[in-house]
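Working through the structure, step by step
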Amino acid sequence: MLEFLLRRVLQAILVLLVMTVLVFFGVNVIGNPVYIFASSECNQACLDEIIRNLGLDQPIWRQYLTFLGNLFQGDWGLSFTHGVPAMSLILERFPATLELALAALVLALGIGLPLGVYAGLKPDSPISKLIMGFSMVSFSVPIFWIGLIFILIFSVRLGWLPSIGRGDLVSVFGLFEVSFLTWDGLRHLLMPAFTLSLIMMAMVIRLTRAGMREVLHADYIKFARANGIRERRVIGVHVLKNILIPIITVLGMEFGGVIAFAVVTESIFSWPGVGKMLIDAIAVLDRPLIVAYLIFVVVMYVTINLIVDILYSLLDPRVRLGGNAS
Amino acid sequence: MKTKVSLALVATATMVMTPAFAQEVLTIGVRSEAASLDPHWTQLSADLQVQEHIFEHLVDLDTSSQPVPGLAVSWAPIDETTWEFKLREGVSWHDGEPFNADDVVFSFDRLRAGIDGAPASPAFQLEKGSKTWEKIDDYTVHIITDGPYPTVAEDLAMLPIVAEHATAGKTASVDFNSGEAAIGTGPFIFEEYSPGNRISVVKNDSYWGDDPHWDQVVFRPVGEESARLAALRNGDVDIIDYPPTVDLPQLESDPEFTVSTVSADRLIYMIPSYRHVEDFVTDMDGNPLMPNPLRDWRVRKALSLAIDREAIRDRIMGGASLPTGNIVPPGFFGHVDEIEADPYDPDQAQALLAEAGYPDGFMITIQGPNDRYINDARIVEAVAQFWTRIGVVTEVDTMPRNIFFSELIRGGDLTFPGFDDPKFSMALTGWGTVAGEATYTVSGILESYNAATGGGNGNFGRYSNHDVDARSVLAKKTIDRDERLALLEEATKIAMSDYALIPLHFQVNKWAMSSDLEHTPRTNERTLAWEVKPAE
Amino acid sequence: MSDAGVSLRRQSRFAVFWTTFLGVPSAAIAFVVFTALCMAALLAPWIAPQNPYDLSQVSILDNLLEPGEQSFSGMTHWLGTDGQGRDMLSAMLYGLRISLIVGIVSGVIALAVGTLVGLIAAFRGGWVDSLLMRIVDLQLSFPTILVALILLVILGRGVDKIIFALVVVQWAYFARTVRGVALVENSRDYVEAARGLRFSAWRILFLHVLPNCLPTMLVVATIQMAQAISLEATLSFLGIGLPPTRPSLGLLIANGFDFLQSGRWWISVLPGLVLLVLIVSVNVLGDRMRDVLNPHLQR
């Protein structure tokens, strides 16, 4: 187990290092931020001053080494536009994204699981067909399109829900602020979270249904039923326990993707998360912020994968014994 | 405008109402967010418009960008090279400290010293005319230039004044965004900056000028056009900038909304390049054309005549553009009344092309940004349609501004002495005459490019005409307004009859708001809370 | 495969497959719809009323016409026109073409690259396998949309560029899947037998292992194609990807958004529906294919 862990962590660090190179060099060949910031009246001397101020007068490899050196000291660089440490910007805005993604996760499980169980129990009923059709459509629909259709219907035509931003915030233990504890916050959260949850929801429905059908035929369920354990308990405890493992795995791996896909949802709903920040940063070529965010995502992704691996190995001893990571 | 009741949220799920008192709150939905509240950090207009609620300049610009007294009550040249500024007395900073000449000197010194990491401080305004400054007494400051220099006041209108006691020793930008150093003299006081979500300011009760009316002003960034309009429609915000042009006719006839309109200082134009061979200009088989047809003024005139500027206005801009042949808008110092927008005349255009030796036209690729100016990409496409119709087969390439501007300015290979390396052969771009007068517009986009003097800064096609240059250079040194006006008008007339560039229109800016508000819009596109009032 | 032991000739096996495959109504409908869409895309230059790429045929004076309205020149636009005056029916046919080309070409290239990498990894094993799989991990350790987004910001616009970006984000899925299947196949008796006959490694790889990986790859390819089409649309929506004069379905939808609130629903909703139908039909086919070919593969 220890060796397995150690190897995974080393691999993760290597991945991180390679990604810093790719990200840094990739982002630093795009356009030239100087001309975004410079006023139209800015002459050559003024341009040179900006170039120097942004540190772009250094050769790129030196810029990279400086960046890497600072990174090891916990300094992720200074955003060009905000003039504020990139990491503090990311941390300031990440809770909003996390809240959105978690809300989407809760919706996906809360709606997807019962639907999937039903479809698995009664595969031939018309309602199940409808559920599966819904999952197919929500898996296929481009989320940017559905997001704007939602705004048009629920916000503009019906006027039920606000279309932009995050609602009133409540501080929890003075540590971080959440919006889902206020009515206003919930109203703001509903549309973006639902939009973001659609793909996950479709996956939950399918995985649950597939798992149900497989597990229902398993011997131990038959035994449980034969032993007179109530159907509700069979489904609620024994079946669900078994199908949750693959669902947790898939959702865990998808979760990073959901946070990434929040880029789209956040731009549509003006949600003040990191995804929106990235799009804004790209628009003005705020290179340090783009780089910091991308590396932040890699760190997060790698960490999530690591956690999923470990959780999985705890839930399923065969993985631990096998010891093969891939 | 709904009068909102201020709610205090206690840090639990139970909401407790504080004694409710009516507050006048204005919520503004803006296209882009202010990234920094340090007024010396960038020149992005999204930043400036929020900063101007907190910080002021010695010279203000009125709604048509003409200089009016700000923190200075008066100014005048006392000799060829010295301007005297008399400062306003009795002004205090938001924290109660008095404002005086030391703050002015400190602000200028801060800019000249350079602000580490700042992507675009307005310091270059101080370099124009090599300005130096001197405190004469607590309320008098002298600005000294290296020669006769007419536009000192216009330049100072771009230089926000910060408080010495609040800024010295603070970290640039960081401490401003936290509010610690965001202490100005303006009509509003910093309240909260929640990145990506909202920036709020509250009324400064001891402001020296007119009552700014609103108790609290909230800026909310909504980048997506249609989402911004949706936010206005469902009452999330009270007023928005840049309403989608397609919705303008409907909004204007809707009794629930009011639309305010002003012709902006921003010229939208096509900029031809003058190299002998252009990468993006070819014959019908794709071979480079030699010489570059764009060097022939008849071709440029043909291209101009081929564009139906009124169709662009009506079909794309929702009526919100002012077709033009000028470079500065009507009402600005330097606008030439007798230059009118070219009529739409495809027949004459084709005749001119034939006369220039291209009866069968040629092929060209034109570029433009797609997220910078109102409907920029759609205008480029329309221009391509018009040109294709007279036989100049036009391809379109539009790109985000982050790529467009670096390529426009420095993207190409070194191909021609004195040309440096702009990339495109024909591009759509814009030029804002921020100071309300034409001196730096003529110098910027019509004068020959000269890295040393800063002439032709925005002349990315590298148009060069000695008659224009002579007048432009002289105008920059002429203090007498009438003489300067004559020089600027002559330079403009020479260049525009030569089709140095192909003007399309001045942007017309619109704001949409709920009908219980009224707004006096400004030419420099900024949304300032005190210019929005409840309707009578 | 599953019908091992029953010896059928190749053709009839194929026929059996089709009968099973299309035996479910949803699959049959999806197949018909998908074929129809492909035909429409293929024949676009001949059946579209207008060539939306020829700017001399498009006029902004005809913009924002409602479905069924006539243009200046008397042409009837059955599905209306967009903000630039393009005939929506024509624009959608050409857009469908681009969306399909992007989806299929990127899918095929990614499939080829991924298969090659996967087979080499499985067959060579050892450090080659480790290295290749670490690269795959690296690729998969980064969210698809972000990679594509950054790549396109760097590369600029164009069909070729978006295909490249999509290949980059897709190949790793194929590589991982193919390697998995190939490893299983590798240990099968027939490969052992072939080795016993001293066939060359490449011959075994391509003539024996590859054909047995095909069903799985086909399933993955179908699902990836649906995702590629959707991703392209999303990227176009974010303002990167394709040039505006050559709109794909995604770009048409994105352009149409600005017109939604003023009641010009057709510019965004119609291409949106076509895109939705396209992706759903591809996904249904992919699902069915998995059910028939490889019941154990999980999405």
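Residues numbered from 1 in each chain as written. Chains lettered and ligands numbered in written order. Predicted model: local features only at pLDDT ≥ 70, side-chain atom pairs only at ≥ 80, totals over all residues.

Attention now goes to the overall build of chain C. Along the backbone of chain C there are eleven helices and two strands. When the elements of chain C are put in sequence order from the N terminus, they spell out α-α-α-β-β-α-α-α-α-α-α-α-α. Expressed along its principal axes, the backbone C-alpha trace of chain C runs to roughly 75 × 45 × 30 Å. Out of the 299 residues in chain C, the part that is buried amounts to 51%. Considering only intrachain contacts with a sequence separation of at least 6, the fraction spanning at least 24 residues in chain C is 69%. (Helix = DSSP H or I, 4+ residues; strand = E, 2+ residues; numbered from the N terminus. Buried ≥ 20, exposed ≤ 12 C-beta atoms within 10 Å, placed from the backbone. Contact = placed C-beta atoms within 7 Å.)

With that out of the way, let us pick up the overall build of chain A. When helices and strands are counted, chain A shows 13 helices and two strands. C-alpha atoms of chain A, sized along the principal axes, occupy 85 × 60 × 40 Å. Counting all 326 residues of chain A, 47% fall into the buried class. Residue pairs in contact within chain A that sit at least 24 positions apart in sequence constitute 69% of those at least 6 positions apart.

Once that is clear, we can look at the pairing of strand S7 (residues 72–79) of chain B. Residues and elements named next belong to chain B. Relative to strand S8 (residues 82–87), S7 runs antiparallel, the two being bridged by six bridges. Bridging from a neighbouring strand, Ala-76 pairs with Glu-84 of S8. Where S7 hands over to S8, the hairpin turn is made up of two residues, counted between the paired strands. (Pairing = 2+ DSSP bridges.)

Right, let's talk about the interface of chain C and chain A for a bit. With 29 residues of chain C at the contact, the number on the chain A side is 31 residues. Elements supplying a minimum of two residues to the side of chain C that touches chain A: helix H5 (126–140), helix H6 (144–155), helix H9 (201–237), helix H10 (249–260) and helix H11 (266–293) of chain C. The element contributing the most residues to the side of chain C that touches chain A is H11(C), with seven residues. Broken down by class, the residue content of the side of chain C that touches chain A amounts to 20 nonpolar, seven polar and two charged. (Nonpolar A, V, L, I, M, F, W, Y, C, P; charged D, E, K, R; others polar.)

On the chain A side, the residues contacting the 55 residues of chain B number 55 residues. Counting only elements with at least two residues in the side of chain B that touches chain A, the list comes to helix H3 (124–127), helix H6 (174–177), strand S14 (216–221), helix H7 (225–233), helix H13 (401–410), strand S21 (426–432) and helix H14 (439–446) of chain B. For the side of chain B that touches chain A, the element with the highest residue contribution is H13(B), accounting for seven residues. For the side of chain B that touches chain A, the residue count by class is 24 nonpolar, 20 polar and eleven charged.

Let us look at the sheet that holds strand S9 (residues 132–137) of chain B. All names here are of chain B. Ordered in space as S7-S8-S10-S9, the four strands form an open sheet in which the pairing is antiparallel. A strand with exactly one partner marks an edge of an open sheet, and here the two such strands are S7 and S9. Across this sheet, the average inter-strand angle for adjacent strands is 25°, counted without regard to direction. Where S9 and strand S10 (residues 140–144) come together, five bridges link them in antiparallel fashion. Of the residues in S10, the one forming a bridge with Asp-137 is Thr-140. Most of the contacts of helix H2 (residues 101–113) go to S9, to which it runs at about 170°, and overall it touches S8, S9 and S10. (Axes fitted to C-alpha atoms, helices over the stretch in contact; angles between N-to-C directions.)

Let us look at unusual backbone geometry. Residues and elements named next belong to chain B. Residue Pro-291 is bonded to the preceding Met-290 through a cis peptide linkage, with omega at 0°. Of note, Pro-291 is situated in the loop between strand S17 (281–282) and helix H9 (297–305). With phi around 65°, Ser-65 is a residue other than glycine that occupies positive phi space. Relative to the assigned elements, Ser-65 resides in the loop between strand S5 (59–61) and strand S6 (67–69). By the C-beta count within 10 Å, which is 23 here, Ser-65 ends up buried. Positive phi, close to 60°, is recorded for Arg-462, a residue that is not glycine.

For chain A, the mean per-residue pLDDT works out to 81, and 94% of the residues sit at or above 70. Mean pLDDT in chain A bottoms out at helix H13 (residues 317–322) of chain A, which sits at 49, and peaks at helix H5 (residues 86–121) of chain A, which reaches 90. (pLDDT = per-residue confidence, 0-100.)

Here we come to the packing of H5(A) against helix H10 (residues 231–269) of chain A. Residues and elements named next belong to chain A. Packing of H5 against H10 leaves a shortest axis separation of 10 Å and a crossing angle of 145°. Seen from above, H5 lies across H10 with right-handed handedness. Touching Thr-97, Leu-100, Ala-101, Ala-104, Leu-105 and Val-117 of H5 are Ile-235, Leu-251, Phe-255, Val-258, Ile-259 and Ala-262, all from H10. In terms of residue class, the contact of H5 with H10 is made up of eleven nonpolar, one polar and no charged. (Left-handed = near helix turned anticlockwise from the far one by under 90°.)

Next up on the list: the environment of B:Ile199. Residue and element names in this part refer to chain B. Relative to the assigned elements, Ile-199 resides in strand S13 (residues 198–203). Between the alpha carbons of Ile-199 and Val-152 there is a distance of 32 Å; along the sequence they are 47 residues apart. Discounting chain neighbours no more than four positions away, the residues touching Ile-199 are Ala-34, Val-50, Tyr-193 and Phe-219.

A:Ala104, A:Met200, A:Tyr293, B:Val383, C:Met92, C:Leu149 and C:Leu166 are the most contacted members of the largest nonpolar core, which totals 345 residues. Looking at this core element by element, the count peaks at 17 residues for H9(C). Sequence-distant contacts of C:Leu166, that is, excluding residues within four places in its chain, are made with C:Val102, C:Ser106, C:Ala148, C:Ala228, C:Leu231 and C:Glu232. (Core = buried A, V, L, I, M, F, W, Y, C linked by C-beta atoms within 7 Å.)

A word on the environment of B:Val328. Residue and element names in this part refer to chain B. Looking at the secondary structure, you find Val-328 in the loop between strand S18 (321–323) and helix H11 (346–355). Residue classification places Val-328 among the buried positions, given that 24 C-beta atoms sit within 10 Å. For the pair Val-328 and Ile-390, spaced 62 residues apart in the sequence, the C-alpha separation amounts to 29 Å. Beyond its immediate chain neighbours, meaning those up to four positions away, Val-328 contacts Gly-334, His-335, Thr-433, Ala-438 and Thr-441.

To continue, consider H7(B). Of all nine residues that make up H7(B), nine are buried, and the element is covered over most of its length. Within the sequence span of H7(B), burial applies to B:Glu225, B:Ser226, B:Ala227, B:Arg228, B:Leu229, B:Ala230, B:Ala231, B:Leu232 and B:Arg233. Buried-residue contacts for H7(B) involve helix H7 (143–157) and H10 of chain A, strand S3 (25–30), strand S15 (239–241) and strand S22 (502–514) of chain B together with H10 of chain C. Count one or two residues on from H7(B) and you reach B:Gly235, which has phi positive near 85°.

With that settled, the discussion passes to the pairing of strand S20 (residues 393–399) of chain B. Residues and elements named next belong to chain B. A large share of S20 lies buried, amounting to six of its seven residues. Note that strand S19 (residues 363–369) and S20 share seven bridges and pair parallel. Bridged to Gly-368 within S20 is Thr-398. Traced from S19 through helix H12 (residues 376–389) to S20, the parallel crossover comes out right-handed. (Right-handed = clockwise from strand over helix to strand, strands pointing away.)

A few words now on the confidence of the model for chain C. Residues and elements named next belong to chain C. In this model, chain C carries a mean pLDDT of 82, and residues with pLDDT of at least 70 account for 93%. Mean pLDDT across the elements of chain C ranges from a minimum in helix H1 (residues 10–21), with 72, to a maximum in helix H2 (residues 25–42), with 91. Here residues 1–8 is a poorly scored stretch, pLDDT under 50, and it has two contacts once near neighbours within four places are set aside; other chains count. Contacts of residues 295–299 to residues separated by more than four positions or lying in other chains number five contacts, the stretch itself having pLDDT below 50. Model confidence for the complex is summarised by a pTM of 0.83, with the ipTM given as 0.79.

In this model, helix H7 (residues 159–186) of chain C (28 residues) spans 38 Å end to end at C-alpha, consistent with the 40 Å of a helix rising 1.5 Å per residue. Residue C:Gln170 marks the point of greatest curvature in H7(C), where the axis turns by about 35°. (Expected span 1.5 Å × (residues − 1). Bend = angle between axes of the 7 residues up to and from the residue.)

Let us now look at the packing of helix H8 (residues 183–216) of chain A against H10(A). Residues and elements named next belong to chain A. Look at H8 against H10: their axes get within 9 Å of each other, and the N-to-C directions meet at 160°. The angle between the axes of H8 and H10 places the two elements in the roughly antiparallel class. Of the two elements, H8 crosses H10, and the hand of that crossing is right-handed. Partitioning the contact of H8 with H10 into residue classes produces 20 nonpolar, five polar and one charged. (Parallel < 35°, antiparallel > 145°, perpendicular 65-115°, else oblique.)

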